Structures are given as C-alpha cells and as structure tokens.
Amino acid sequence: MGSTLGVAVVGFGWMGRVHTQAYARVPHHFPELSLRPELIAVADEVPGRAEEAAARYGFATAARDWREIAADPRVRAVSVAAPNFLHREIGVAMAEAGKHLWIEKPVGLTADDARAVAGAVAKAGVQGTVGFNYRNAPAVAAARELIASGEIGTVTHVRIRLFSDYAAHPDSALTWRYERERGGSGVLGDLASHGVDLARFLLGEIASLTADTAVFVPERARPTGATAGHTRSTGGESGPVENEDYVSCLLRFASGARGVLEACRVSVGEQNNYGFEIHGTKGAVSWDFRRMGELSVSRGTSFQDQPVSTLYVGPGHGEYAAFQPGSANSMGYDDLKVVEAYNFLRSVAEGTPYGATLDDAVHSATALDAMVRSAEHGTWMSPGD
C-alpha cells in the first residue's frame with residue numbers, strides 16, 4: 001500500500017463527477033501506483049451541490065467557496081472543473097498555495113490565461129496535468145506509434161473533425177458557455193482545443209493557420225436558475241450568443257504536412273463525431289471516437305488500390321491492458337479520464353510530467369487565439385504571432 005494524497009475537486013458539474021469517479025477507480029486499474037488519492041474536499045458555488053457530492057462520494061468537507069480548499073493543508077492536489085472564466089484565478093491560486101493541479105482545458109479564455117497558470121505551476125514547483133483526454137485513447141497511441149515508425153511514409157495531410165449537437169437545440173439555455181467574457185471563444189475552446197492537441201500529439205507543431213468562424217444560433221433564452229451541463233430554457237429573456245458555434249481551419253505543420261480542422265457544436269444529426277484521417281506517402285490511418293478501439297489502416301507498397309484493414313487495439317497499445325485483457329473489448333470515455341488521473345498522480349509521485357501538460361495547454365490556446373485573429377482579419381496567422 002502506497003502513501004495517500006489528499007485531493008479536492010472544484011466545480012461539481014458533470015466533469016467534476018468524472019474527475020471524482022476517476023480518482024476512485026485509479027487504484028483498481030493501476031495498483032502499482034505509489035500514491036492513493038483520498039477525497040478531502042469539494043467546492044461548488046451552487047447551493048447544496050457540494051454537500052450532495054460529499055454525501056454521495058465521501059468527500060470529508062464540502063464548501064461553497066473554492067478559497068477554502070486553497071487554504072486547506074490537507075489538500076495537496078486539486079482538480080479544477082469549474083467554468084472556463086474561473087480557470088486562471090483558481091489555477092494560479094492553487095499553484096501558489098503549493099497544490100498540484102489537474103485542470104480542464106482550455107485553461108482559461110486566452111493564451112495569456114493558460115500562460116499565467118503554467119507560470120504559476122512552474123514557479124511553485126508543482127505538477128500540472130490538463131484534460132486533453134482524447135490523446136489517452138489506446139487507438140490514438142497506436143496511431144502515433146504507427147506514424148512515428150514510418151509505416152505510412154511521410155505524412156502529407158490530415159483532417160480532424162469534432163462535430164456535436166449539444167448546442168443545436170434552439171432552446172439550449174444561454175449559459176456562460178455562450179458569453180465571450182465567461183465562455184471565451186465558444187466551440188474553439190470547447191472542441192477545437194482537443195483538435196489542436198490531437199494535431200500536435202500526432203504530427204508535431206503547427207507553423208501557420210487560417211480560419212473561418214460562424215454563429216448559427218444567434219439568440220438563446222437566459223436560464224431562470226442554476227444550470228449544469230447543456231440544459232434547456234424556455235420563457236426566459238432572450239440574449240445574444242457572443243461566441244462561435246463553428247470553426248473551420250487550414251493548418252500548415254512545421255513538417256510540411258497540411259491539415260484541415262473543423263469543429264461545430266450545433267451539428268444536427270452528429271453526436272460526438274470526433275476523429276481524424278491522416279494520409280502519408282505510403283498509407284493512411286484513421287480513427288473515430290465512436291468506435292474508440294478501432295483504427296482503419298492502409299499500409300504496404302501498392303499505393304494505388306491499396307486495401308484498408310481494421311486494427312482492433314489491445315494490450316500493448318497505450319494503457320489498454322489496465323482495463324481489458326484482450327483486443328476488441330470496449331473501453332469508454334470515463335476510462336480515458338482514469339488514464340488522465342493516473343498520469344496526474346504518477347507525475348506527482350515521481351516529480352516528472354506524464355500525459356498532457358500545461359505547456360500543451362499553452363500551445364493549444366495560442367493556436368486558438370490565432371484562429372480568432374485569422375477569422376477576424378481574413379489572413380494566415382502563425383500561432384507565435
């Protein structure tokens with residue numbers, strides 16, 4: 001039995017629950033881990049939500065104010081699953097209090113926010129893990145290895161898509177997600193941030209990009225009470241949607257490869273249609289999140305009319321063996337967050353970063369900022385500009 005690590009969760013909507021359940025599961029899937037998380041505190045500003053979470057999951061303390069967690073010496077690590085506009089303030093404060101940080105993407109509203117949190121984590125000498133969960137899929141790990149090995153040759157172009165209908169209903173409540181001041185760049189921070197991370201994880205740095213954005217549902221009704229997730233609201237006062245429903249982006253990678261990244265939160269008929277198709281000079285590989293344990297692979301020497309086969313991932317691909325004993329047994333979304341929790345706790349235990357880091361969050365946010373500028377000015381941008 002290893003030592004315990006006091007952990008807390010700030011923000012107990014759906015993602016706060018996912019983090020909490022991941023903490024509970026991680027010792028079962030990764031028994032070799034030297035640190036065992038202990039649920040110390042949960043905070044949420046909605047009356048009664050933290051108390052309900054404590055009663056259900058066994059947190060020792062419930063609070064309305066996250067500052068109580070920052071001041072709690074029992075807490076050594078914190079999950080930040082609060083709304084985007086709070087990421088910077090909470091993340092910096094927790095790092096300055098000497099607490100390790102597992103924070104959801106996009107780590108604030110802008111690249112400056114992400115840099116502020118990254119800087120605080122570096123200055124405090126604590127570990128920081130970011131919720132880019134799709135890179136944790138064993139099939140994505142297998143695709144990365146296949147690309148790095150040269151089996152599909154030199155990568156020429158990629159298409160990354162993230163389509164969902166969670167905001168497609170016209171009665172979706174006008175929550176913080178749709179406000180520029182609190183939700184940032186809309187679907188860019190919510191979904192395209194994942195796309196940028198997958199692009200960099202699989203293919204390396206993005207040299208330049210050009211983007212177009214749109215708002216397709218321009219008004220929504222304001223909620224009349226507390227909300228969680230993607231709730232609906234009717235009868236409330238209508239207000240404008242201030243940030244993006246859709247983004248399309250052309251990418252140029254430092255390697256010379258080209259790419260297309262497209263994301264939309266109002267795609268009727270699409271439920272979590274996330275994935276990529278990557279082509280090289282000798283083959284191709286593609287992945288669909290909805291068939292998470294499969295890769296479509298084309299490799300060989302025939303080039304024209306080259307067949308495509310299905311690879312079912314299994315032990316030896318990513319962290320698959322921690323969940324299933326043989327190929328083609330299904331994993332799910334929550335399992336990816338367990339892998340993320342494992343990387344976070346392992347980082348704390350060993351003092352070495354594992355998984356997605358705050359540096360990855362800064363790179364993603366920098367690319368998103370460049371997309372916003374590109375859409376505004378109608379020109380190519382470098383994420384470094």
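Heads up: the structure comes first, above all this text.
Everything in this summary refers to the structure shown in the same document. Everything quoted here is computed from the prediction, not taken from an experiment. (Residues numbered from 1 in each chain as written. Predicted model: local features only at pLDDT ≥ 70, side-chain atom pairs only at ≥ 80, totals over all residues. Heavy atoms only, no water.)

Below, the discussion takes up helix H1 (residues 14-29). Along its 16 residues, H1 runs 22 Å from first to last C-alpha, staying within 8% of the 22 Å computed at 1.5 Å per residue. The largest bend along H1 measures about 30° and falls at tyrosine 23, with the proline proline 27 one to four residues further on. Regarding H1, the residues found buried are Met15, Gly16, Val18, His19, Thr20, Ala22, Tyr23, Val26, Pro27 and His29. In this fold, the buried residues of H1 make contact with strand S1 (3-10), strand S2 (35-43), helix H2 (49-57), strand S4 (77-80), strand S5 (100-103) and helix H9 (333-350). (Helix = DSSP H or I, 4+ residues; strand = E, 2+ residues; numbered from the N terminus. Expected span 1.5 Å × (residues − 1). Bend = angle between axes of the 7 residues up to and from the residue. Buried < 20%, exposed > 50% of the residue type's maximum accessible area, 1.4 Å probe, protein only. Contact = heavy atoms within 4.5 Å.)

Pairing in this open sheet of eight strands is mixed, and the strands run S8-S11-S12-S7-S13-S14-S15-S16 from one edge to the other. Bordering the open sheet on either side are strand S8 (206-214) and strand S16 (309-312), each of which pairs with just one other strand. Ignoring strand direction, the axes of neighbouring strands in this sheet form an average angle of 15°. Of the pairings in the sheet, the one linking strand S11 (residues 246-253) to strand S12 (residues 258-264) comprises seven bridges and is antiparallel in character. Looking at S12, one finds that arginine 252 is bridged to arginine 258. Set on the sheet, helix H8 (residues 187-203) makes contact with strand S7 (155-163), S8, S11, S12 and strand S13 (273-280); between it and S12 the angle comes to about 155°. Lying on the sheet, helix H10 (residues 358-377) is in contact with S8, S11 and S12; it crosses S8 at an angle near 55°. (Pairing = 2+ DSSP bridges. Axes fitted to C-alpha atoms, helices over the stretch in contact; angles between N-to-C directions.)

Counted under the stated rule, the structure contains 15 aromatic pairs. Judged by centre distance (6.2 Å) and plane angle (90°), the ring pair of phenylalanine 12 and phenylalanine 59 falls under edge-to-face. One end of the pair, phenylalanine 12, is in the loop between S1 and H1; the other, phenylalanine 59, is in the loop between H2 and strand S3 (61-63), and 47 residues separate them in sequence. Under the relative-accessibility criterion, phenylalanine 12 is labelled buried at 5%. Using a relative accessible area of 5% as the deciding quantity, one classes phenylalanine 59 as buried. With a centroid separation of 5.4 Å and 85° between ring planes, the pair formed by tyrosine 23 and tryptophan 102 is classed as edge-to-face. With tyrosine 23 in helix H1 and tryptophan 102 in strand S5, the pair connects residues that are 79 residues apart, well separated along the chain. Among the residues examined, tryptophan 102 registers a relative accessible area of 0% and is labelled buried. Here the aromatic residues Trp14, Tyr134, Tyr274, Phe276, Trp287, Phe289 and Tyr333 are joined through ring pairs into a cluster of three or more. (Phe/Tyr/Trp six-rings, centres within 6.5 Å; stacked < 30°, edge-to-face > 60°.)

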